[in-house]
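Residues per chain, in single letters:
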Amino acid sequence: MSGIWIYSEDSMIAKQLLTAGLELKASMGQPVGIITLDSQEQEGFIAAGADKVCVLKGQNPWPESYAGAVADFIGKEQVSVLLVGGTLRGKDLAAKAAAMLQAGLVTDALTVQYANNCIETTRLMYGGLALRTEAISLPALVTVPPRTYSEAPAVDGRQGEVFTVEVDNGIPGMTVSNVCPIIREGADISTASRVVGVGRGFSKKEDLAMAEKLAQAIGAEIGCTRGVAEDSHWLPSERYIGISGQKVKPEIYIAAGISGQVQHIVGVRDSKIIVAIDTNEKAPIFAAADYGIVGDLYEVLPLLAEAIAKK
Amino acid sequence: MPKILVCYKWVLDEQDIKINPGDLSLDTSRAKYKISDYDKNAIEAATQLVEAHEGSVDALTFGNDKVKQSLKDVLSRGPGKVQWIGDPAFEQADAFVTANVLAAAIRNNESYDLIICGEGSADSYSQQVAPRLATILGIPAVTFVQELSIDGSRIIATRKLGDCTEVVEVQGSAVISVLPEINKPRIPSLKQVMAASKKPSQELKIADLQLSTEDLQAKTVNLSVKGYVMNRKNILFKETNQADNVAKLVASLAQEGVC
Amino acid sequence: MSYALTEEQELIQQSAREFTQEYIEPIATEIDNTSAYPRAVIRQMAEHDFLGLYLPEVFGGTEAGYLSYVLMIEEISKVSGAVASILINHASLAAYSINCFGTAEQKQAYLPDLCSGEKLGAFALTEPGAAPGAGTHKVVATKVGDNYILTGHKCYIANGGVADVYVVFALTNPEAGAKGMSAFIVDASTAGLTVSRTIGKMGLRGCPSAELVFENVIVPEANLLGAEGAGMKMAQVAQLVASVAEGAQVVGIAQAAMDDAVKYGKQRIQFGRPIATFPAIQTMLAEMATNIYMARLAVYDVASLIEKGEPFAKEAAMVKLFTGRIGQSALIDVIQIEGGYGYSQEMVASRYYRDIKGAVISSSSAEFPEKVIASDLLA
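### Here we look at the domain arrangement of chain B
Split by domain assignment, chain B resolves into domain 1 (3–209) and domain 2 (230–259). Computed over C-alpha atoms, the centres of domain 1 of chain B and domain 2 of chain B are 46 Å apart.

### A look at the interface of chain B and chain A
Across the contact, 65 residues belong to chain B and 68 residues belong to chain A. No other element matches the 10 residues that helix 7 (residues 242–256) of chain B contributes to the side of chain B that touches chain A. Across the side of chain B that touches chain A, the residue classes tally to 33 nonpolar, 18 polar and 14 charged.

### Considerations on the environment of Val79 of chain A
Residue and element names in this part refer to chain A. On the secondary structure map, Val79 appears in the loop between helix 3 (67–77) and strand 4 (81–85). C-beta crowding within 10 Å serves as the criterion here: with 24 such atoms nearby, Val79 is assigned to the buried category. For the pair formed by Val79 and Ala217, sequence separation is 138 residues and the distance between their alpha carbons is 52 Å.

### Describing the packing of helix 7 (residues 231–267) of chain C against helix 9 (residues 313–343) of chain C
Residue and element names in this part refer to chain C. Here helix 7 crosses helix 9 at 20°, and the two axes come no closer than 8 Å. Considered as vectors, helix 7 and helix 9 are oriented roughly parallel to each other. Remark: the crossing between helix 7 and helix 9 carries left-handed chirality. Here the contact of helix 7 with helix 9 is composed, by residue class, of 19 nonpolar, five polar and three charged.

### Some points on the sheet that holds strand 13 (residues 221–224) of chain A
Sheet architecture is open: six strands sit in the order 13(A)-12(A)-14(A)-15(A)-16(A)-15(B), paired in parallel fashion. Every interior strand has two partners, whereas the edge strands, strand 13 of chain A together with strand 15 (235–237) of chain B, have only one. Averaged over all adjacent pairs, the angle separating strand axes in this sheet is 20°, with direction ignored. As defined by bridge partners, strand 12 (residues 194–198) of chain A adjoins strand 14 (residues 252–256) of chain A across five bridges and the pair is classed as parallel. Following the sheet pairing, Val198 of chain A is matched in strand 14 of chain A by Ala256 of chain A. Packed on one face of the sheet, helix 9 (residues 297–310) of chain A meets strand 14, strand 15 (273–278) and strand 16 (291–294) of chain A and runs near 135° to strand 15 of chain A.

### Let's talk about the pairing of strand 13 of chain A
Along strand 13 of chain A, one buried face is formed by Glu221 and Gly223 of chain A and the opposite face, lined by Ile222 and Cys224 of chain A, is buried too. What joins strand 12 of chain A to strand 13 of chain A is helix 5 (residues 208–218) of chain A, and the crossover it makes is right-handed.

### Observations regarding the nonpolar core
Of all hydrophobic cores here, the largest spans 249 residues; its most connected members are Val70 and Phe184 of chain C. Beyond its immediate chain neighbours, meaning those up to four positions away, Val70 of chain C contacts Val244, Ala245, Ala248, Val299, Tyr300 and Ala303 of chain C. Ile189, Ile254, Ala283 and Tyr291 of chain A belong to the second largest nonpolar core, which has 62 residues in total.

### Considering the environment of Cys117 of chain B
Residues and elements named next belong to chain B. Along the chain, Cys117 falls in strand 8 (residues 114–118). For Cys117 and Thr143, which are 26 residues apart along the polypeptide, the C-alpha to C-alpha distance reads 9.2 Å. Sequence-distant contacts of Cys117, that is, excluding residues within four places in its chain, are made with Cys7, Ala42, Val129, Ala130, Val175 and Ser177.

### Here we look at the domain arrangement of chain C
Residues and elements named next belong to chain C. Annotation of chain C at the domain level lists domain 1 (7–119), domain 2 (122–229) and domain 3 (232–378). For the side of domain 1 that touches domain 2, the secondary structure elements donating two or more residues are helix 2 (28–34), helix 5 (81–101) and helix 6 (104–116). When residues in the side of domain 1 that touches domain 2 are grouped by element, the largest group, 12 residues, is from helix 5. The residue inventory of the side of domain 1 that touches domain 2, partitioned by class, reads 13 nonpolar, eight polar and three charged.

### Looking at the confidence of the model for chain C
For chain C, the mean per-residue pLDDT works out to 92, and 96% of the residues sit at or above 70. Here the predicted complex scores 0.85 on pTM and 0.91 on ipTM.

### Digging into unusual backbone geometry
Pro139 of chain A follows Leu138 of chain A through a cis peptide bond whose omega is 0°. With respect to the helices and strands, the residue Pro139 of chain A is situated in the loop between strand 8 (130–137) and strand 9 (140–144). Its identity as a non-glycine residue notwithstanding, Leu24 of chain B has a phi of 65°, on the positive side. Among the structural elements, Leu24 of chain B can be located in the loop between strand 3 (18–19) and strand 4 (26–27). Looking at Leu24 of chain B, the number of C-beta atoms within 10 Å reads 15, which means it is partly exposed. The backbone of Gln127 of chain B shows a phi angle near 60°, a positive value even though the residue is not glycine. Within the secondary structure, Gln127 of chain B sits in the loop between strand 8 and helix 5 (129–137). For Gln127 of chain B, a count of 28 C-beta atoms within 10 Å translates into the label buried.

### Comments concerning the packing of helix 3 of chain A against helix 4 (residues 88–101) of chain A
Residue and element names in this part refer to chain A. Here helix 3 crosses helix 4 at 50°, and the two axes come no closer than 8 Å. Viewed along their axes, helix 3 and helix 4 adopt a mutual orientation that is oblique. Two packed elements cross with a definite hand, and for helix 3 against helix 4 that hand is right-handed. Contact residues: Ala67, Gly68, Val70, Ala71, Ile74 and Gly75 in helix 3; Leu93, Lys96, Ala97, Met100 and Leu101 in helix 4. The residue inventory of the contact of helix 3 with helix 4, partitioned by class, reads eight nonpolar, two polar and one charged.

### What to know about the pairing of strand 14 of chain A
Two faces, one strand: in a regular strand the side chains alternate between the faces of the sheet. Residue and element names in this part refer to chain A. Where burial is concerned, most of strand 14 is hidden: five out of the five residues are buried. Every second residue of strand 14 is oriented toward a common face, with Ile252, Ile254 and Ala256 on one face and Tyr253 and Ala255 on the other, all of them buried. Inspection of the sheet shows strand 14 paired to strand 15 by five bridges, in the parallel sense. The partner of Ala256 across the bridge, within strand 15, is Ile277. Where the polypeptide runs from strand 14 across helix 7 (residues 262–268) and back to strand 15, its parallel neighbour, the crossover connection is right-handed.

Definitions and limits used
- Position numbers for residues start from 1 in each chain and track the written sequence from start to end.
- Following the order in which they are written, the chains are lettered starting with A and the ligands numbered starting with 1.
- For this predicted model, a pLDDT threshold of at least 70 governs which residues receive local features, and a threshold of 80 or more governs which side-chain atom pairs are given and counted, while totals over whole chains, interfaces and linings are taken from all residues.
- Note that the domain bounds reflect an automated or database-derived domain assignment.
- What counts as a contact here is a pair of residues whose C-beta atoms, placed from the backbone, lie within 7 Å.
- Runs of H or I in DSSP of at least four residues are treated as helices and runs of E of at least two as strands, each being numbered from the N terminus.
- When residues are grouped by polarity, Ala, Val, Leu, Ile, Met, Phe, Trp, Tyr, Cys and Pro land in nonpolar, Asp, Glu, Lys and Arg in charged, and all others, Gly among them, in polar.
- Whether a residue is buried, exposed or partly exposed follows from its count of other C-beta atoms within 10 Å of its own C-beta, namely 20 or more, 12 or fewer, or something in between, respectively; the C-beta atoms are built from the backbone.
- For helices, the fitted line uses only the C-alpha atoms of the stretch in contact; every axis is such a line through C-alpha atoms, and the angle between N-to-C directions lies from 0 to 180 degrees.
- Orientation categories follow fixed angle ranges, with anything under 35 degrees roughly parallel, anything over 145 roughly antiparallel, 65 to 115 roughly perpendicular, and all other angles oblique.
- Should the near helix be turned anticlockwise from the far one by less than a right angle, the crossing is termed left-handed; should it be turned clockwise, right-handed.
- Whether two strands pair depends on DSSP finding at least two bridges between them.
- Viewed with both strands pointing away, a crossover whose connecting path from the first strand over the helix to the second turns clockwise is right-handed.
- Remark: nonpolar core denotes a set of buried Ala, Val, Leu, Ile, Met, Phe, Trp, Tyr and Cys residues whose joining runs through C-beta atoms within 7 Å.
- One number per residue, pLDDT, summarises how confident the predictor is, and it ranges from 0 to 100.

Encoded structure:
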C-alpha cells in the first residue's frame, strides 16, 4: 500500500492539506499527491510540493458525485492515506468513499500523524468537552477542517507528475440546481482578526448596539452564541460561533454576556486572546478566558468602548 | 403516502459529564442519556412530512444496553413504531460499524421511500453515518439539508453548504441528513407521551442480521479520551469600580499587543 | 431520588420541564409584574394536554394519573407559581369536583371542555366574613320550581373573571349551617353573575382573584352537584385533593428558590470567600434541602394514594401542614441568604417569597389540617 493523497473541491484547502501531507510523506516515506477537479491548479500544486496531481474529469459538475471516482482511484492505487478538506461537501464525499472502500474515516481531525502502521488523529468530542485520540488502520481517510494548516508555499522549479482520469460520475435520478451563494450581511467573521461575541446576557436586541460600538472602537466583527442567532433571531445564523457554526481565529475575542458553554467555546478556542465580561463569576467563560471582568455588561461595555477609543 | 425511517442515537448528555481535575479523565457516572439533539430534528422532519402526506414513520436505533430507555421517548415524538438493537458491540463501534448494522436492519424490512438522520450525533459528531448508510444501501445521500419536501416519488431537498445553498431532487429513495435549522422539534404533548406505551417496539439481535465479523470490527480504535481544557491566563479584574477594571484590562491588552 | 416513577411519569415530567422552560419561563416575570392573566400560555398548555392530564380519557382527558399531574404542577411551579395556581384551581378543584361528584349528564356536559381547555374552571367557596367550616356562609340558593336562585357575594375566587365554569357553594338550607350547604355548576355567562372587582395580590399575580356577585342567578336543578346539603363535605374533599397539588406547588417554588440561593451563595464573595462557605449559610441550605426532599416524597406518595383510589384525607392534610411550614421557612432563609439582592424586586427570589405564601394559604381546608389529622387519629 502506498501513497498519501489529498482531495478537496477547494484548491486553497488542498494546498493547506498539502502541508499535512508533506509531514506524512516525511514520516511514512511515501509520495504525496493531490486529487483535484480543477485542471487549472495542477502547476500550482506541483510548485507547492505535490509529487503527483490527478485531475478527475467527469460529466457531472456536482463535486459530491466524484465520491465513486475518488474511491476507485484510492482502491486501484492502493493508497495508504486520503486527507480530505473538511468542507461540508468534502465530508459528504469522504464518508461515501470510505463506505465504498470499507475503510475507516475520522472527521475534523485537529492533528494527523503516522504511528505504528496506523494514522493517529486527535479530534473533539461531546460538543468540545473532550479530546479523543484514535488510530485508523490503513487505508485511512481523514477530513481536516479548513485553515487547520497553512498553505504549503510554492517553490519554483519543482517537478511532478500530472495526469487526468476520465470518470463517469452521473447519478441517475438526481438533479442539482439553483446553486445560490449565501449573501453575507457583513464580513466573514471566520477570517476576522478581531471579534466581539454577544450572548444571552443582553436583554433585548436593541442593546446589541453597545456591542456594535465596542466592535467599531476596536475594528472587530460581531459574532454570537447559538441562542442569539437561532432562537432569538437577533443576528443571522452566519454570525453564530460554535460547534455547528463558525470557528473564529482572531487576535482578540471579547465575549460579552456569554456564559461559555463548551459548544460555543469550541468555536473560539483558537483565538490568541480571549476576554470575558459577565455578571456571574462562576460562569465557565472565565475559565476559558485570559482576561475577565466580573460585572454588568451594560456598565462595562460602554466604559470599555470609551477607554479603547481614547487610546 | 411515504414510508419513512428515522435513525436516532441514544447518547450521554454532555452537560452531565464532568472532567476529573487530576488526569483529565471523563466522569460520566452522573450522566443521563438523551436522544441526540440533531436526531430530534430528523424525527420532527419525518413527522411533519407524514402530517402533510400521510404515510408512516418508523424509528431505528443501535445502541448499548441502555437503549431500551429511549423507546417511549422516541415513540412520543411521532414515529409509529421503533426497532432497536442494544448490543455490547456498540461500545467499540465507529461509523463504519454503525452504518453496517443499520443497513443490515433496514434490509430486513420492506424498502423505505426516505431515510432521515441527523447531520451528526451530539456525542461524536462524525457526520458519517447517513452518507455511509446510503452508499451501503446503494441509494443516493443528500446531506446538510435545511428544507425538505416530497412531491409524489420525488424528494426535493435544499442543502446549506457554508458558502452556498443548492436544491437537490431525487427520484426514488434516498438517505437525507438534516441540519438543526430545518425545524424546531416539538415538545411531545402529554397525550403523545401516554400514547407511546401503546405503540409497538421490536428488538433486533445482531446475530440475526447476517453481519460478518469484519462488518462489526471498527476501523478506528479509541486510544484515549481526555477532557479538553484550554490553558488560558484566567486573570480576573474584580475591583468594585468598573472603570478601574476597564483600565486594567485595556493596559493588559496593550501589553499583549492587541489593542 | 429513588422513588420509582414509571417511564410515562418521567417522560411527562421531562415534557413538562421542556414546555415550561420554552414557553413559561421567558414570561414569568412579566406575568408577575403586570398581573395579566396569561391567556396565550394557558392556550398552549391546553394544546399540550396539560389541562385534563389526570381526568378520564372518555371525556377527553389524558388519564395519566394524579401523580403525573402533580409532577407537572411541580415543574410549572419552578418557573411560575401563578400559572400553577390557575391550573390547580381549574383541575384539582373545579374539574375534580365535577368528575368526582357529578352525574353522568353533568360530566358529559362539562368535562370535555374542561379537559380540552376550551373552558376554564374555578371554585367559588370563600365569602367575606365566612370562616371555613363554621357555617357562616351567606350565599343562598333558593329552590323555585325547577331552578335554584342564587344570591350573595363570593370573594378571593381564583380564576374569577376568566373562568367559564364555576363550582359554586351556596346554602340551600340556611338554618342548617354547614350541613345546609350545596354545590352548583354555574356557567360564567349566566345572567346576574358578575365580577365586581379583581383583587391585587402580594403573590401568585397573574392568577386572577375576584369578587363575584350573584344577583338572582338562575341555575337549573340539573346543575345541582351532588345531593342537597352535601356541599361542605364535597368542598373538603376537593380541597384536600387540591392540597396535594398545592404541596407540589410549594415544593416546586421552594426548589427553584433554593437553587437560586445556592447559585448566589457560590458567587457572592464576602471577606474573600464565597458566602456559601460560611457555616451559617450552609446550615440554612442543608435544612432547606432536607425539608424539600422530604416534602417531595410525601407529595408523591399521597398523589399515589389518590391515584390508586385509597383513602388519602389524613395524608393530604399532612402534606398541607408540612409543606406550609417548610415552604415558608425555606423562603425566609433564601431571602436571608440573598440579602439585599434577594430583597430587590428585580430579582426572582422576591417573587418566589411572595408566591409561596400564596401557595400555602390557598385551599386552607374547610377544617384546618391539624383538625383533619387529629380526627383521624382519635377516631
